[in-house]
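Okay, here's what each chain looks like letter by letter:
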Number of protein chains: 2
Amino acid sequence: MSWKERCEYMSKQRKLPLYVQIKNKLVNNIKEGVWQPGEAIPSESQLIEQYNVSRTTIRQAVQDLVQKNVLETRRGAPTRVREEPQVELGNPGIMHHELGTNMEVKVLRFEKLKEHYHAKYQLKLEEEAEVYLLERLRIADGRPIAFQQLFLPLSIGEKVKEFSYKDFDIFPKLGQHNIHYTNIQEVVSASNATQYEADLLGIVPGEALTDIERTTVGIDSMPIEYSRTKYLPNAFHYRVEIGK
Amino acid sequence: MSWKERCEYMSKQRKLPLYVQIKNKLVNNIKEGVWQPGEAIPSESQLIEQYNVSRTTIRQAVQDLVQKNVLETRRGAPTRVREEPQVELGNPGIMHHELGTNMEVKVLRFEKLKEHYHAKYQLKLEEEAEVYLLERLRIADGRPIAFQQLFLPLSIGEKVKEFSYKDFDIFPKLGQHNIHYTNIQEVVSASNATQYEADLLGIVPGEALTDIERTTVGIDSMPIEYSRTKYLPNAFHYRVEIGK
DNA sequence: AAGTGGTCTAGACCACTCA
DNA sequence: GAGTGGTCTAGACCACTTG
């Protein structure tokens, strides 16, 4: 394909760079489960032929996804789809430690909302879009220790429905639906319990709560989830170890 | 330079890929202040000539550093060294971000203590040992935003004396005394402001504070520092990024 | 030994910034 | 309009993994 042909093709098609288009196609194949986690994807030379582009272009797409921890390359061996970092929220160095033995979850609400603009903004959704709101309590040995509000795009909310009353951590189950995250951002802070929160947690209003705001992003760089969780400080440790 | 010449050159020189060698040279120029933060570095074509390599090689070096937030590129404009505070706590993924522009430190106390057993336990000191207690306020744009108690073994306390009123982060200066850490553990939580803390921070008692407990361990596996810092939640972000 | 990803070259057109 | 970084091609040799 000559340069002029390619330019015409691209201007008709899209203004996205070729390597981005290919990156998107690769991501789609993973999202749709064509290539399962742990499996090898076609070799670079196969991809070159399939998409009719140069090796540089393929490499740029692949390298971008390696950078994002979606793919995994080894010299001499096929490129593979990454297995999820299965350690729940457990990157080495970051520990969410809930104190207690018998852990339960209680769902307070699970409904569609039209009006929560902050959540929609965090989820990068349109103004008119709806979101799911899942409100839950985390219970340890019969005592409530955390209150969580979890916002989800509609498509993901549908899948969460089934197990939200059983699992506090939704990511392993989402992985089974081929929804994988590449990135989680958490901001840890403190806030005073509102009347509502205090009633739920069995404390008095104004008590300090460990306040965790989380945004999770999928392999296509679109947010999967935005949540806010408020823990009783003495029932939860947010521990970070920084090595050197 | 022909291919065979290059290969001989590389095998004699080093086994590092060319683009890594160049990346190192770029980093050195930044470390040594040849290119100051915010300044432009030479253009790609200049670097091509200077190092006698192809554009791909230069680009790979530069792009790697862009990825690491060391350089910053803009289409059509020169590539610049990032202004960023290069190391937050020296670890990718964890950011202590204080909101404000004019940052100051105010020392409240700096004295030897005999009686603080919790601190001595954390520092793994003998029961009879003394520790230094450094109490400080962090001030942003004239407003106090954090209260810190910092416990140090005697030998280290002596060295901290000199600069504790200037630098809130003591590790860089300790590094100059050849005291280096290998490990930092932080537990982030929430607590209600005491009367004393509230007075210092200009809030009312009971308000929620982001409470960070930190233990720092040196190369010899002995604790260097144990501290507790309480931030106004709206003046400080404890941000963690997982994955990527 | 065949095939894979890692590195590198030389040269091209483009979109953008800046003086 | 000159120069910069962004994208892309076509082809090469290398180090490594695997059957």
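This structure is a prediction, so every number in the text was calculated from the model and none was measured. (Residues numbered from 1 in each chain as written. Chains lettered and ligands numbered in written order. Predicted model: local features only at pLDDT ≥ 70, side-chain atom pairs only at ≥ 80, totals over all residues. Heavy atoms only, no water.)

Trainee: Run through the protein's contact with DNA strand D, naming residues and quoting values.
Mentor: Lining the immediate environment of DNA strand D, one finds 28 residues, of which Leu18(A), Ser54(A), Thr57(A), Arg55(B) and Arg59(B) sit closest. Take the atoms of DNA strand D that sit within 4 Å of the protein: sugar and phosphate atoms are 72% of them. Note that a phosphate oxygen of DNA strand D is positioned 3.5 Å from one of the side-chain N or O atoms of Gln63(B). Contacts to DNA strand D include Arg75(B), whose side-chain N or O atom sits 3.4 Å from a sugar or linking oxygen. When contributions to the surface near DNA strand D are tallied by element, the ones reaching two or more residues are α1 (3–13), α2 (18–31) and α4 (55–67) of chain A together with α3 (44–51), α4 (55–67), β1 (71–74) and β2 (77–81) of chain B. The element contributing the most residues to the surface near DNA strand D is α4(A), with four residues. When its residues are assigned to classes, the surface near DNA strand D shows eight nonpolar, 11 polar and nine charged. (Near = heavy atom within 4 Å. Polar contact = N/O pair within 3.5 Å; in protein donor to acceptor, adjacent residues only side chain to side chain. Helix = DSSP H or I, 4+ residues; strand = E, 2+ residues; numbered from the N terminus. Nonpolar A, V, L, I, M, F, W, Y, C, P; charged D, E, K, R; others polar.)

Trainee: How would you summarise the interface of chain B and chain A if you had to cite specific residues and measurements?
Mentor: Chain B puts 30 residues into the contact, and the matching count from chain A is 31 residues. Between chain B and chain A, the buried area comes to about 2800 Å², and carbon and sulfur atoms account for 51% of it. Taken together, chain B and chain A are joined by zero salt bridges. The interface formed by chain B and chain A contains 10 residue pairs in polar contact (both at pLDDT 80 or more). Secondary-structure elements contributing two or more residues to the side of chain B that touches chain A are β7 (181–192), β8 (208–218) and β10 (236–243) of chain B. (Contact = heavy atoms within 4.5 Å. Buried area = accessible area lost by both parts, 1.4 Å probe. Salt bridge = Lys/Arg side-chain N within 4 Å of Asp/Glu carboxyl O.)

Trainee: Tell me about the nonpolar core, residues and numbers included.
Mentor: Val160(A), Leu174(A), Tyr238(A), Val160(B), Leu174(B) and Tyr238(B) are the most contacted members of the largest nonpolar core, which has 75 residues in total. Apart from the residues within four sequence positions on either side, Tyr238(B) is in contact with Glu186(A), Val187(A), Val188(A), Tyr238(A), Val240(A), Ile94(B), Met95(B), His96(B), Glu186(B), Val188(B) and Ile212(B). (Core = buried A, V, L, I, M, F, W, Y, C linked by side-chain atoms within 4.5 Å. Buried < 20%, exposed > 50% of the residue type's maximum accessible area, 1.4 Å probe, protein only.)

Trainee: Tell me about the domain arrangement of chain A, and please be specific about residues and values.
Mentor: All names here are of chain A. When cut into domains, chain A gives domain 1 (3–83) and domain 2 (90–240). One C-alpha centre belongs to domain 1, the other to domain 2; they are set 33 Å apart. Counting from both sides, the interface comprises nine residues of domain 1 and, opposite them, six residues of domain 2. For the pair domain 1 and domain 2, the summed buried surface comes to about 670 Å²; carbon and sulfur atoms form 55% of the total. Contact with domain 2 buries area across many residues of domain 1, yet Val 27, Lys 31 and Lys 68 alone supply 59% of it, more than any other trio. Across the contact surface, domain 1 and domain 2 share one salt bridge. Here Asp 220 ties to Lys 31 by a salt bridge, and the two come within 2.6 Å at their closest N and O atoms. Taken together, the links from domain 1 to domain 2 amount to two residue pairs in polar contact (both at pLDDT 80 or more). In terms of residue class, the side of domain 1 that touches domain 2 is made up of four nonpolar, two polar and three charged. (Domains from an automatic or database assignment.)

Trainee: Tell me about the side chain of Glu98(A), and name the residues and values.
Mentor: Residue and element names in this part refer to chain A. If you trace the backbone, Glu 98 turns up in strand β3 (residues 94–98). Of the residues examined, Glu 98 reaches a relative accessible area of 16% and is grouped as buried. At 3.1 Å, the side chain of Glu 98 forms a polar contact with the side chain of Arg 138. Among residues more than four places away in sequence, those in contact with Glu 98 are Met 103, Arg 138, Ile 145, Phe 168, Tyr 231, Ala 235 and Phe 236.

Trainee: Provide a residue-level description of the packing of aromatic side chains, including the pertinent values.
Mentor: Under the counting rule described, the total for this entry stands at nine aromatic pairs over all chains. On the basis of an interplanar angle of 10° and a centroid distance of 3.6 Å, the ring pair of Tyr231(A) and Phe236(A) is categorised as stacked. Judged by centre distance (5.0 Å) and plane angle (40°), the rings of Phe110(B) and Tyr132(B) are tilted. With Phe110(B) in strand β4 (residues 103–113) and Tyr132(B) in strand β5 (residues 131–140), the pair connects residues that are 22 residues apart, well separated along the chain. Accessibility expressed as a relative area gives 4% for Tyr132(B), which makes it buried. (Phe/Tyr/Trp six-rings, centres within 6.5 Å; stacked < 30°, edge-to-face > 60°.)

Trainee: Which residues make up the protein's contact with DNA strand C, and what are the values?
Mentor: In the vicinity of DNA strand C there are 28 residues, among which Arg55(A), Arg59(A), Leu18(B), Ser54(B) and Thr57(B) approach most closely. Expressed as a percentage, the sugar and phosphate content of the atoms of DNA strand C within 4 Å of the protein is 72%. Taking Gly76(B), its main chain carries an N or O atom lying 3.4 Å from a sugar or linking oxygen of DNA strand C. Listed by contribution, the elements that provide at least two residues to the surface near DNA strand C are α3 (44–51), α4, β1 (71–74) and β2 (77–81) of chain A together with α1 (3–13), α2 (18–31) and α4 of chain B. When residues of the surface near DNA strand C are assigned to their parent elements, the largest contribution, four residues, is made by α4(B). Of the residues assigned to the surface near DNA strand C, the class counts are eight nonpolar, 11 polar and nine charged.

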